[in-house]
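Secondary and tertiary structure notes
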Amino acid sequence: MIIILQSGASEDQIQHVIERVEALGLKAHLSRGTFRTIIGVIGEEQKIASEPLRAIPGVQDVVPVLPPYKLASREAHPQPSIVEVAGVKIGGGNLAMIAGPCAVEEPERMDTIARAIKAAGANILRGGAYKPRTSPYAFQGLGEEGLKILREAGDQHGLPVVTEVMDPRCVPAVEKWADMIQIGARNMQNFVLLTEVGRTRKPVLLKRGMSATVEDLLMSAEYILSQGNSNVVLCERGVKGFDKATRNLYDVASVAVVKGLSHLPIIVDPSHATGRPDLIPPCALAGVAVGADGVHIEVHDCPERAKSDGPQALLPKQYAEVAAKIRQLAAMFGKTISTVPGR
Ligand code: PEP
Ligand code: MN
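Residues numbered from 1 in each chain as written. Chains lettered and ligands numbered in written order. Predicted model: local features only at pLDDT ≥ 70, side-chain atom pairs only at ≥ 80, totals over all residues. Heavy atoms only, no water.

Taken together, 13 residues surround ligand 1, and among them R126, K131, A185, R186 and R237 come closest. At 2.9 Å from an oxygen atom of ligand 1 is found a side-chain nitrogen or oxygen belonging to Q182. Interatomic distance of 2.7 Å between a backbone N/O atom of A185 and an oxygen atom of ligand 1. Contact with the protein chains removes 97% of the 290 Å² of surface that ligand 1 exposes when unbound. A class-by-class count of the residues in the shell around ligand 1 yields three nonpolar, three polar and seven charged. (Near = heavy atom within 4 Å. Polar contact = N/O pair within 3.5 Å; in protein donor to acceptor, adjacent residues only side chain to side chain. Areas by Shrake-Rupley, 256 points an atom, 1.4 Å probe, with all protein chains shown as cover. Nonpolar A, V, L, I, M, F, W, Y, C, P; charged D, E, K, R; others polar.)

Here strand β1 (residues 2-5) shows one buried face, formed by I3 and L5, and one open face, formed by I2 and I4. Here β1 pairs with strand β4 (residues 59-63) via four bridges, running antiparallel. Bridge pairing in β4 links L5 to V59. In this sheet, strand β3 (residues 37-42) lies alongside β1 in antiparallel orientation, the contact comprising three bridges. Paired with I2 across the bridge in β3 is G40. (Buried < 20%, exposed > 50% of the residue type's maximum accessible area, 1.4 Å probe, protein only. Helix = DSSP H or I, 4+ residues; strand = E, 2+ residues; numbered from the N terminus. Pairing = 2+ DSSP bridges.)

Moving on, we come to the packing of aromatic side chains. Following the criterion strictly, the structure yields one aromatic pair and no others. Geometrically, the ring pair formed by F191 and Y223 is stacked, given 4.5 Å between the ring centres and 20° between the ring planes. In this pair, F191 is assigned in helix α6 (residues 191-198) and Y223 in helix α7 (residues 214-226), connecting sequence segments 32 residues apart. Across from the ring centre of F139, 5.9 Å away, lies the NZ or CZ of K307, which sits over that ring. (Phe/Tyr/Trp six-rings, centres within 6.5 Å; stacked < 30°, edge-to-face > 60°. Lys NZ or Arg CZ within 6 Å of the ring centre and 35° of its normal.)

For A292, the position within the fold is in the loop between α10 (280-289) and β14 (294-298). For the pair A292 and K259, spaced 33 residues apart in the sequence, the C-alpha separation amounts to 8.6 Å. Discounting chain neighbours no more than four positions away, the residues touching A292 are L95, V255, I266, I267, V268, G287 and K335. (Contact = heavy atoms within 4.5 Å.)

Let us now look at the nonpolar core. Core analysis: the largest hydrophobic core is formed by 67 residues, its most contacted members being I117, L125, V165, L206, L234, I297 and Y319. When residues no more than four places from it in sequence are discounted, the contact partners of L234 are L205, L206, L217, L218, A221, V258, L264, P265, I266 and I267. I3, L5, V17 and V41 belong to the second-largest nonpolar core, a separate cluster that totals 16 residues. (Core = buried A, V, L, I, M, F, W, Y, C linked by side-chain atoms within 4.5 Å.)

Moving on to the coordination of the manganese ion (ligand 2). Within the protein, C102 (SG), H272 (NE2), E298 (OE) and D309 (OD) serve as the donor atoms for the manganese ion (ligand 2), at 2.1 to 2.4 Å. Between the donor residues of the manganese ion (ligand 2), the gaps in sequence give the motif C-x169-H-x25-E-x10-D. Taken together, the residues span a long stretch of sequence, with C102 in the loop between β7 (96-100) and α3 (107-120) and D309 in the loop between β14 and α11 (316-332) at a distance of 207 residues. (Donors = N, O, S within 2.8 Å, 3.2 Å for Na, K, Ca; no water.)

Structure, rendered in structure tokens:
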């Protein structure tokens, strides 16, 4: 990092800053200009807080040189990471096709949906057993019973399963029944929960918070990585916008931004990003075109009976149509879609 001193900084103040830097185990490189003096700090800057340095008298600003997320950064890991979800690869040229209902519902319905999405080419089944609902009176999910139903449907059709966890106390159950743990947008900065899933070795699908910057997202990934769990997949699912035309504002450019900054795979969720079935197919393709490592789409065979997010669900037939186009685009970009066999 670079410490910029105030124009009138005294010699005593400059020496004091150097002493503080050295006391932190870092090297200080003094550079005196005509108008300003700066101190280059050499060492592991990500491990020290810049705030106390900013508070030293005579310091005007502290400018980090490296990103604050060390493990998630491209510098730390120049090659793209591949995350494996029970045999299905995501990243590094491998495309995930995650589909399923918003919430896990009764076994027959899950079986119907799983069969349909598998036939359409999906490689991972999704469904929430613990649902983050705005209203406490809305359907909250089937809980552990839902985890078992999801597991059974996935096993039956050769689809690894991903499901959301909201409460650190539920991590052991989700770890037991699922192949991938989802952290939803509302919990992206629940640091206790991030630490808890970081202690597992299960792949984590980390969705971008609705008001989170790309840097916030990468810092949340860093929480998981710093616990030793390197299996993190990011997800762009739209941020809060001012226009009610779509449910959220689909920030498709953030996929390319993340690709430049991090080695972690990133997928897109055009279902929650747009909230509109008519916009999901084109926005799914836009995500793949911009470099996403996967597409996450909500599918329901009877949206009017769905327990949550029915209005944005694609019918299996609509999913099959967009899946065929995704496959064409994936082939154009030389991407592979890995699958695992069913029972
Ligand atoms: C979901 O995937 O069902 C969900 C609630 O998504 P998000 O956290 O992105 O709103
Ligand atoms: Mn949903």
